[in-house]
Structure formats: structure tokens, C-alpha cells
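# Per-entry structural report
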Amino acid sequence: MRASCSLLVLALASLPVAPPVVAAQVPLIAGRPASGRLVPSDPMFPDSTHYKMYAFTGNRGDTVTADLSSDDFDTNLIIADANGNRLASDDDSGGKCNARVKYRLPDAANYRLYANSSYRSELGSFRLTLVKGTRPAPTDTSCSGFGRVAGMIQVGQSVLGALNDSGGKFTDSIYFARWILPVQANQTFTIDMTSNDLDPFLRLERGHRDLIVENDDGGGGCNSRIVYTSTDDRPLRIIAMTASKNQQGTYTLRVTDGESPTSPKGNCRFSGAAVASRPAGGGGQPTATPVSTQAMSDRTIAPGQRLSGRLTTDDSLWVDTTYIQTWTLTAVPNSRYTVDLSSDEFDPYLMVDGPGVNDGDLHSGQGCAARVAARFPEAGPYRIRVNTTTHPLRQTGRFTLAVIKDSLGKVEGDCSPSQRPAGGGGPVAVSSGGRTIASGQTMTGQLTANDELFPDTTYLQRWSFTAAPGRAYTIDLASDDFEPYLMLEGPGITEFQGNMHGGPGCAARISRVFPQAGPYMIKVNTTTAVTRATGTFRLTVTAGQQDKMEDACTPPSGAQEPLVRESAMQAITIGQTIQGRLTRQDVFRDRDSTYAQMWSLHGTGGQVVTIDLESDDFDSYLFVMGPGIDRSLQDNDSGGNCHARLTMTFPQTGDYEVIVNTDGKYATGAYTLSVTTGSKPKSLARCRRDQ
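The rules behind these values
Residues numbered from 1 in each chain as written. Predicted model: local features only at pLDDT ≥ 70, side-chain atom pairs only at ≥ 80, totals over all residues. Heavy atoms only, no water. Helix = DSSP H or I, 4+ residues; strand = E, 2+ residues; numbered from the N terminus. Areas by Shrake-Rupley, 256 points an atom, 1.4 Å probe, with all protein chains shown as cover. Patch = residues over 30% accessible without salt bridge, like charges linked within 9 Å, V, L, I, M, F, W, Y side chains within 5 Å. Salt bridge = Lys/Arg side-chain N within 4 Å of Asp/Glu carboxyl O. Lys, Arg positive; Asp, Glu negative; His and termini not counted. Charge placed at Lys NZ, Arg CZ, Asp CG, Glu CD. Buried < 20%, exposed > 50% of the residue type's maximum accessible area, 1.4 Å probe, protein only. Core = buried A, V, L, I, M, F, W, Y, C linked by side-chain atoms within 4.5 Å. Contact = heavy atoms within 4.5 Å. Pairing = 2+ DSSP bridges. Axes fitted to C-alpha atoms, helices over the stretch in contact; angles between N-to-C directions. Phe/Tyr/Trp six-rings, centres within 6.5 Å; stacked < 30°, edge-to-face > 60°. Polar contact = N/O pair within 3.5 Å; in protein donor to acceptor, adjacent residues only side chain to side chain. pLDDT = per-residue confidence, 0-100.

Summing up its helical and strand segments, the protein chain has one helix and 48 strands in all. Surface summary for the protein chain: the accessible area is close to 29,500 Å², and the carbon and sulfur share equals 47%.

Moving on, we get to a negative patch on the surface. There is a patch of like negative charges on the surface, built from Glu259, Glu614, Asp616 and Asp617. Secondary-structure assignment places Glu614 in strand 43 (residues 608–614). The partly exposed category is assigned to Glu614, whose relative accessible area is 33%.

Counting residues in each nonpolar core, the largest one holds 25 residues, and the members touching the most others are Ile611 and Leu673. Only strand 40 (577–582), strand 42 (594–603), strand 43, strand 44 (620–625), strand 46 (644–649), strand 47 (654–662) and strand 48 (669–677) provide two or more residues apiece to this core. With sequence-adjacent residues up to four places away left out, Leu673 is seen in contact with Ile572, Gln576, Thr577, Ile578, Trp599, Ile611, Asp612, Leu613, Leu622, Val658 and Val660.

All right, on to the sheet that holds strand 27 (residues 370–376) then. With antiparallel pairing, four strands are arranged side by side in an open sheet as 21-29-24-27. Whereas interior strands pair on both sides, the edge strands pair on one side only; in this sheet they are strand 21 (306–311) and strand 27. The sheet shows a mean angle of 20° between the axes of neighbouring strands, direction not considered. Here seven bridges tie strand 24 (residues 335–342) to strand 27, and the two strands are oriented antiparallel to one another. In the sheet register, Leu341 faces strand 27, and the bridge partner there is Ala370.

Let us look at the sheet that holds strand 4 (residues 63–69). Hydrogen bonds along the backbone pair up the strands of a sheet, which may run parallel or antiparallel. Ordered by their spatial adjacency, four strands build an open sheet running 2-9-4-7, and the pairing between neighbours is antiparallel. Looking at the sheet topology across the chains shown, the edges are occupied by strand 2 (34–38) and strand 7 (99–104). Taken pair by pair, the neighbouring strands of this sheet meet at an average axis angle of 20°, ignoring direction.

What follows deals with the packing of aromatic side chains. Taken as a whole, this structure holds 19 aromatic pairs when the rule is applied. Both rings, one in Phe170 and one in Phe176, keep their centres 4.0 Å apart while their planes meet at 20°; by these two values the pair is stacked. Residue Phe170 is classed as buried on the basis of its relative accessible area of 13%. The class for Phe176 is buried, based on a relative accessible area of 8%. Taking 6.0 Å as the distance between ring centres and 65° as the angle between the ring planes, the aromatic pair formed by Phe189 and Tyr228 counts as edge-to-face. Remark: Tyr228 occurs in strand 17 (residues 224–229) and Phe189 occurs in strand 14 (residues 188–194); sequence separation between them is 39 residues. Clustering of aromatic rings is evident, with ring pairs tying together Phe465, Tyr473, Phe514 and Tyr520.

Time to look at unusual backbone geometry. Note that the residue after Gly380, namely Pro381, is joined by a cis bond; omega there is 5°. Within the fold, Pro381 resides in the loop between strand 27 and strand 28 (382–388). The omega torsion of the bond from Gly518 to Pro519 falls at 5°, within 30 degrees of zero and hence cis. The phi dihedral of Asn186 is positive, around 60°, even though this residue is not glycine. Locating Asn186 in the fold gives a position in the loop between strand 13 (175–181) and strand 14. In this structure Asn186 comes out as exposed when scored by relative accessible area, which is 52%.

Glancing now at the pattern of salt bridges. Scanning all chains against the criterion turns up 19 salt bridges. Linking Asp612 and Lys680 is a salt bridge whose minimum nitrogen-to-oxygen distance equals 3.4 Å. With Asp612 in strand 43 and Lys680 in the segment after strand 48, this pair connects stretches of sequence that are 68 residues apart.

Turning next to the pairing of strand 36 (residues 508–514). Taking burial as the measure, the seven residues of strand 36 include six buried ones, the bulk of the element. Across seven bridges, strand 33 (residues 471–478) lies against strand 36 in antiparallel orientation. From the neighbouring strand, Ile475 faces strand 36, where its bridge partner is Ile510.

In this fold, Glu122 is placed in the loop between strand 8 (109–117) and strand 9 (124–132). Polar contacts involving the side chain of Glu122 include one to the main-chain amide nitrogen of Asp74, which spans 3.4 Å. A polar side-chain atom of Glu122 sits 2.5 Å from a polar atom in the side chain of Arg237. When residues no more than four places from it in sequence are discounted, the contact partners of Glu122 are Leu38, His50, Phe73, Asp74, Ser117, Phe146, Val149, Ile180 and Arg237.

Quick look at the environment of Pro27 now. Mapped onto the fold, Pro27 is located in strand 1 (residues 25–27). With 26 residues separating them in the primary sequence, Pro27 and Met53 have C-alpha atoms 9.0 Å apart.

Take the confidence of the model for the protein chain next. Per-residue pLDDT for the protein chain has a mean of 80; in total, 81% of the residues score no lower than 70. Highest mean pLDDT in the protein chain belongs to strand 14 (95); lowest belongs to helix 1 (residues 3–14) (34). Across residues 1–22, confidence stays below pLDDT 50; counting only partners more than four residues off in sequence or on other chains, it has 38 contacts. Segment residues 558–568 is flagged for pLDDT under 50; beyond a separation of four residues in sequence, or across chains, it makes 24 contacts in the model.

With that out of the way, let us pick up the environment of Gly502. Structurally, Gly502 can be placed in the loop between strand 35 (497–499) and strand 36. Residue class for Gly502 comes out buried when judged on its relative accessible area of 4%. Along the backbone, Gly502 and Lys548 are 46 residues apart, and their C-alpha atoms lie at a distance of 4.6 Å. If near-sequence neighbours (up to four positions away) are discounted, Gly502 is found in contact with Ala507, Ala508, Arg509, Asp547, Lys548 and Met549.

Moving on to the environment of Asn59. Within the secondary structure, Asn59 is located in the loop between strand 3 (51–58) and strand 4. A residue is classified by how much of its surface remains accessible, and Asn59, at 42% relative accessible area, is partly exposed. A C-alpha to C-alpha distance of 3.9 Å links Asn59 and Ala108, two positions 49 residues apart in sequence. Non-local contacts of Asn59, meaning those with residues more than four positions away in its chain, are made with Leu105, Asp107 and Ala108.

Structural data, given as C-alpha cells:
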């Protein structure tokens, strides 16, 4: 039992439970469950926790068991006599933060049950049951997902709070405070967190830490803003926290009725420490936010410098489980610079942000280097983040970081398969998933969207092969569904081994002497001609060395869909507004040279919704696909100001796919995606972004 709950029990042990204001008693019959709801108008104990009071009659010597459960708040249950004197209480014995009290009644008399919360200001629905006898104890009585609450805030209110050692602190040194927000169904409101002492960060949650939406700089500057329309009247939880570790100070939290405009990210120039990781939440996918455990001033680079560094496991993990290192650049205002990140040991990803600059890149430099070229309008400081792609997993190694006093162009398509890093510098081995093949075998397999995604947006499957040392073998990969690409790596192979059309027809072939027993890793892959191609294949290993063939090859058509379907896409719900970012690591559509990102949306047949996609960084384009839609629904500029807006009626109940896309080639940047109930008018204004 937590300390705050222990203090409550001690207080109630010596005082009558009933407060000065006598609450109404609701009759409770053993064996007949009762449902209730804690609301702001309910009476409170001296510790500011709300309660509802129930009455029951019992006989002397009867053993009764009472259970109080809720998905909205951390329950606390109290049994008292008819005068309100406490007899027994419990917080978490019912499992999952639910309360259970087992008690033997001393007399034949009237008794009271108080359905209460563990923390001040908590609200929500609950279920109360009373049975004679005992119940089996739950296997796990731990409690997680709730926690201490600072107080209640209602729409139209503003409160002043403080984040310091006297309040809450996550394990990653982020100070926070929880506030309870009662709402009505379909109510639109704006939450603002402002501060001059710290860099604010807001999360909106429900129940057991079920994340709805979060925001960093949507309120302008470094202030946070969340705009949300509630889907029901369940109470919500606002988590007021800091964007960086160990920040302390005062803040203002305000909730206003209606929708206020949200500012794009990238305008925050807070002088505090580097941005820290966010605490993990329940469902929902948070916006990816970089991590740094060191102050930016620890690593600096100046215009014209070329420095060497090393990304290690001592660096911080980003939310996508890649390592990240932060460098600081102070610029000459209004100068143009090019930032290049190259490595022979990992596949580099580069991010640069600061006043007027917010960009990321994968392969726009020479070879497989990352490059960001921009005009730096102010002195800064600017943050340069050395990062990697997500595959291979958790890459580390040496790198070169350069800031060139000029704006260099991007080098499109210069990264060839032979330049793919093997994940050196202490790579994490990736398992073949139990797939093995031996000499003389032909194995039939299936490449699917659940397989590993390579940095060039192709799928990859690994097979293990054990060789006889010093013997030659030939590996062939053939498919009628995709154009195969074959790679091989293992002990004694020092140069990249890859092939596209060396076998019969369009098959790929690698034939060579294997210097050791291995095991060797055979990588079943595809070309990039069709985005994320999948299908069946045949993998063959034969003894002996065979020549490469020059057969005529007509690759399979691939029958590519207009959009890429993801197997583990992020979800957005009706009434939700999400801040996202389209990057060069998202799906690349060869047919129009644009990047795309997919979100899942559950709809009910006959329901009308409006989907808005807004961005100040690119010309928004929106697709919707799903059950009952023969061809994808599309929109470009119906939201005005080059924003996309699509009003639709769900043909049937099911999961639909919302695709964030752009109208211009190679465009990336921050965006806002929102889904609201009902229809909105289309804008007839012409898009003038490029004029």
C-alpha cells in the first residue's frame, strides 16, 4: 500500500469516516452488483478524495467480501459501522488497482461501504459487489498505470503548478504532475501548458495510462498545446511534464473551451538541457522524440569543421531503439551550410533542428551519407543529431560529421547495395529466425510484410547455412512474384557479396569458396523496382562453383497496389489530433517519388467523419482505403492553404487506412492529422504555396 493511502487509513482509524456533510446512502444487497460513478459534485474526505456511500445489513459472525473495481481511477474501499467508524479498508487487494475487503461482521447491524478513490480528485465509473463468504485471491495484486494526482482542472479553468522534488518524477528523471479533467461527450477543448522556467511537455491519457495524444511545442515557442474532442464523458488525465531531464520550476496549466490553432514544431529555442525520452504509455503511438543524456555543449562543431566521432551503446536510445548522439552548432545568422554524416560502420540518419531549421535525412549525401542543407537564419544554437536507421538493430560505430560553408545539392540514388554497412562497430546479431538450409536442398519460402524491413524499404529474410571449410557452393534465389536480390555474409568474407541476375532467368546467384564452416547468413531480398515487394521464392544451395548466367530477364510485374499496406501501422481514433512527421525513412512511392505514412482508423458503418491533414512543410495529400471502398478516396487542397480535407461516410464497420502523403516529390516535414465527427466544407481557394 502506498504511503498516501497508509496515511488515509491511519486518519480514518481514529476518526469517523463520515465527513461533516452527511452523504446519501444507497442500499446494497449481497450478491447484487451495483454500478456507480464518482463525479465532481460527490462529497469528499478531508484528503480531497471523492466517495459514494452504500448501506447493507449483516448478521453477527458473517464473513463478507466486498470488491470495488474501476478502469477510470485507483479504487479504495472502506467498511464502516452505521455511525461511520472505520472497521476495515483496502486499496489494491483486488488486483489491477482494484480494491477488495474481507471482513467478519462483529454484530447483527447496519453497515456502510464507501466507494472511494486512492488519490485526490479522481473521478469515473466503478462497480461494487458484496458477497457472503470469501473469494479466491487474485494472482497479481500489483498496481500500475495510475499514481498520485495533483488535483482537478475543469474546462475554463487555469491553475499554477510546480514541478520539483516534492512532486512526481519518472524513472528517467522527468518531473511531472497529473491533473484530472472531467469532460462531456463530443466536447472540444484546448489544453495549454506554459512556463518560463522549463520546457513544457503535455500528455493526455485515459484510465490505466492509456495514451490519447501528446505534444511538445504546439503552443508556440517551447509551450505545449493539445486540441482534442472527447469521444465520451469518461474523465481524462493531463500529464504536465518537462521535455528535458531534471528541469524544475513553475508552470501554468489552462483548459479552454473550443479549438485553438496549433503551432508547428521547430520554433523552440529553450536554453535548457537536451530533450529527454518520454515515459512509456499505454496504447497509441507517441511521436518519435530524440533522446540525449548529455548537455548539447558537451559536443560542439563549428562551420568549416570535419570531426570524427563514435556512436556507442553508452549513447542514449531513441524511442525507435536506435542510438543517438547530439552535437551543437552555432551559426553565422543567414548563412547557408551543409551538414554531412557518413560512416563505414552503420547506416547514418541525420537530424538538424533549431530556429528556422527542422530537417532529417537518410541518403542524400555522397554514397550512403546523410545530408541536410539549409539556410540558418539565426545564430542558434542548432542541434545536430547523429543517428542510424532501424535496421540492422541498434547500430554503432565510427562516423564523420562535417559542416560545410555552402549549400550543396542532394545526391539522389547514389547509395548502392554494395555500400550498405554491415552494422560494424559492435553490431547486434540478427537471428535467422530458425530458418536453415543445407547443401543439396531447395527450400520454398514466403517473403511477407512481417519480415525485416531493410533501410532501402525492401523486405529481407535471413537463412543460416553451415559449410564445409574450403569448399565451393552456389546459392540461387528465384521467384515468380518479385525480382530477387541475394546477399551473403559470414566469417572470412571481407567484401560485400550481393547479386541480382546472376542465375537462370531473373534468379540471383552467388557462387564462391566458403573459407570457414560458418554459420553463414543468406539474405533473401528484392530489388527496389517495386516498393516493398513480397511473394513466394525458391532458395537453393548446391555443391560446387557455377558461372553467372547472362539470360534475358523479364522481371515480374509485381502488381503493385497504389499504396503500401503496413502490417503494424499506427492508429488514430475519431476525435483525435496527432502531430506527426513524414521522413525519408517512410514508404517511398516509386510511381510519383513521394513518401507516405499510414494510420489505421476504425469506423462504424454509416458514420460521417472529416479527416484533415495540415502541414507548413509540404503540400498535403490524403488517401483513404478500406472495406467497401473500391478505389481509394483522395484529396489535395480541400482544407484550404494547401491542406487536405476529406469528408466521408464509412460504407461499413471496419478498420480503414489513412495515408499521409505529399503533392510534391521527395517532400518531408511535420504535419497535423485529425479526425472529427460530421462533415466540414471544402475550401475552393487555390493552393498558392509555390507562388
